[in-house]
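Read off the chains here:
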Amino acid sequence: MAQPSAPSVQVFGLVDDQPTRAALRFFKERRFTIHFVDLRRKPIAAGELRRFSDRLGPRAVLDAGGRAAREAGLGVLRMTDAEVVDRLLADQRLLRLPLVRYGSSLSAGRDEATWKAWLATPRPG
């Protein structure tokens, strides 16, 4: 009988980002297969970013409290969701990291409650 394969996640983030390191550690401790995408080496594809923003909402993917957002003056700008997505595509420093994909489930930022909920549900296809 074949051994069941380890569950797999895809983590988009930066090596030196503390929430990204926490996500990698969380999944490693639970023996997940981790596919890590370092956004400094390979920017997130537009289609992948749109998947996160469509499912979670553009403002959930935007790190509005981050330094890059403050420097860009996003705290005082009124933007539509489409404008937020355009800003995220233009400047990926504005992303709330890590972005994690587990099958068809997605999360943005350090969201251990969601990750633990994924452990309690059957593996996605």
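Scroll up a little and you will see the structure.
Residues numbered from 1 in each chain as written. Predicted model: local features only at pLDDT ≥ 70, side-chain atom pairs only at ≥ 80, totals over all residues. Heavy atoms only, no water.

K.L.:
Now, about the sheet that holds strand β1 (residues 8-13): what can you tell me, with residues and values included?
P.N.:
The mixed open sheet is built from 4 strands, whose spatial order is β2-β1-β3-β4. At either end of the open sheet lies a strand with only one pairing partner, and these are β2 (33-38) and β4 (105-108). When the angles between neighbouring strand axes are averaged without regard to direction, this sheet yields 15°. In the sheet, β1 pairs with strand β3 (residues 99-102) via 3 bridges, with the strands oriented antiparallel. Bridging from a neighbouring strand, Phe12 pairs with Leu99 of β3. Across the sheet, helix α6 (residues 112-120) touches β3 and β4, and the angle it forms with β4 is around 160°. (Pairing = 2+ DSSP bridges. Helix = DSSP H or I, 4+ residues; strand = E, 2+ residues; numbered from the N terminus. Axes fitted to C-alpha atoms, helices over the stretch in contact; angles between N-to-C directions. Contact = heavy atoms within 4.5 Å.)

K.L.:
Hey, could you go over helix α5 (residues 81-90) for me, with residue numbers and the actual values?
P.N.:
Three or more residues of α5 are buried, namely Val84, Val85 and Leu88. Axial view of α5: buried residues confined to an arc of 100°, hence all on one face. When the buried face of α5 is taken as reference, the exposed residues oriented beyond 90 degrees from it are Ala82 and Ala90. (Buried < 20%, exposed > 50% of the residue type's maximum accessible area, 1.4 Å probe, protein only. Arc of directions from axis to C-beta.)

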